[in-house]
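The residues making up each chain are set out below.
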Amino acid sequence: VSKQCFADEASAYNQSIVEGKNVKITQDRSARDRYGRLLAYVYLEDGTFLNADLVKKGYAFASEYPPDTAKQAVLDQAQESARSQGLGLWKKCEILIDKNGRYHTNVLVPGNG
């Protein structure tokens, strides 16, 4: 499995925010994406929209997964804020765009297959 730039930092930040806490999970239209990953919006007890918080602080990209786009404008705005301020992965990583127009970072640890 490949590891992308800033993955460890993003994972540690997310864990520090949610570990041992109650969160509210809501879904848009789909429960999972085509790879079986859970698609959800996560809210902290204080009402913080965690997905947007991660994006706004440069820990994640605002990837769009149609038809699940109810919060996309909020996520896109958070991403523009992080990008323009050079936060997190926008500062520390090489930002690449794939053939589908999605952002990703350079791979730090190549996969084994």
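Anything mentioned here points back to the structure above.
Quantities reported herein were computed from a predicted structural model and do not represent experimental measurements.

Which residues make up the packing of aromatic side chains, and what values go with them?
Counted under the stated rule, the structure contains seven aromatic pairs. Ring centres 5.6 Å apart and planes at 25° place the aromatic pair Phe6 and Tyr59 in the stacked group. Of this pair, Phe6 sits in the loop between β1 (3-4) and α1 (7-18) while Tyr59 sits in the loop between α2 (50-56) and α3 (72-85), placing them 53 residues apart in sequence. Arranged with centres 5.8 Å apart and planes meeting at 70°, the rings of Tyr41 and Phe49 form a pair that is edge-to-face. Of the aromatic side chains, those joined through ring pairs into one cluster are Phe6, Tyr13 and Tyr59.

Please set out the state of the cysteines residue by residue, giving values where relevant.
Under the counting rule described, the total for this entry stands at one disulfide. The partner cysteine of Cys5 in its disulfide is Cys93, sulfur to sulfur 2.0 Å. An S-S torsion of about -80° defines the bridge between Cys5 and Cys93 as left-handed. One end of the pair, Cys5, is in the loop between β1 and α1; the other, Cys93, is in the loop between α4 (89-92) and β4 (95-97), with 88 residues separating them in the sequence. With relative accessibility at 10%, the residue Cys5 sits in the buried group. Residue classification places Cys93 among the buried positions, given a relative accessible area of 10%.

Break down the pattern of salt bridges for me, citing the residues and quoting the values.
For the structure on display, the rule yields four salt bridges. Of the charged contacts, one joins Asp33 and Arg37 as a salt bridge, the two residues approaching to 2.6 Å between their closest N and O atoms. We classify Asp33 as buried; its relative accessible area is 13%. A salt bridge links Glu80 to Arg83; the shortest N-O distance between them is 2.5 Å. Of this pair, Glu80 and Arg83 both sit in helix α3, three residues apart, which is roughly one turn of the helix. Taking relative accessible area as the criterion, Arg83 reaches 39% and is therefore assigned partly exposed.

For the side chain of Asp53, give the residues involved together with the corresponding values.
Position of Asp53 among the secondary structure elements: in helix α2. Judged by its relative accessible area of 14%, Asp53 falls in the buried class.

Criteria and cut-off values
- Residues numbered from 1 in each chain as written.
- Predicted model: local features only at pLDDT ≥ 70, side-chain atom pairs only at ≥ 80, totals over all residues.
- Heavy atoms only, no water.
- Phe/Tyr/Trp six-rings, centres within 6.5 Å; stacked < 30°, edge-to-face > 60°.
- Helix = DSSP H or I, 4+ residues; strand = E, 2+ residues; numbered from the N terminus.
- Disulfide = S-S within 2.5 Å.
- Buried < 20%, exposed > 50% of the residue type's maximum accessible area, 1.4 Å probe, protein only.
- Salt bridge = Lys/Arg side-chain N within 4 Å of Asp/Glu carboxyl O.

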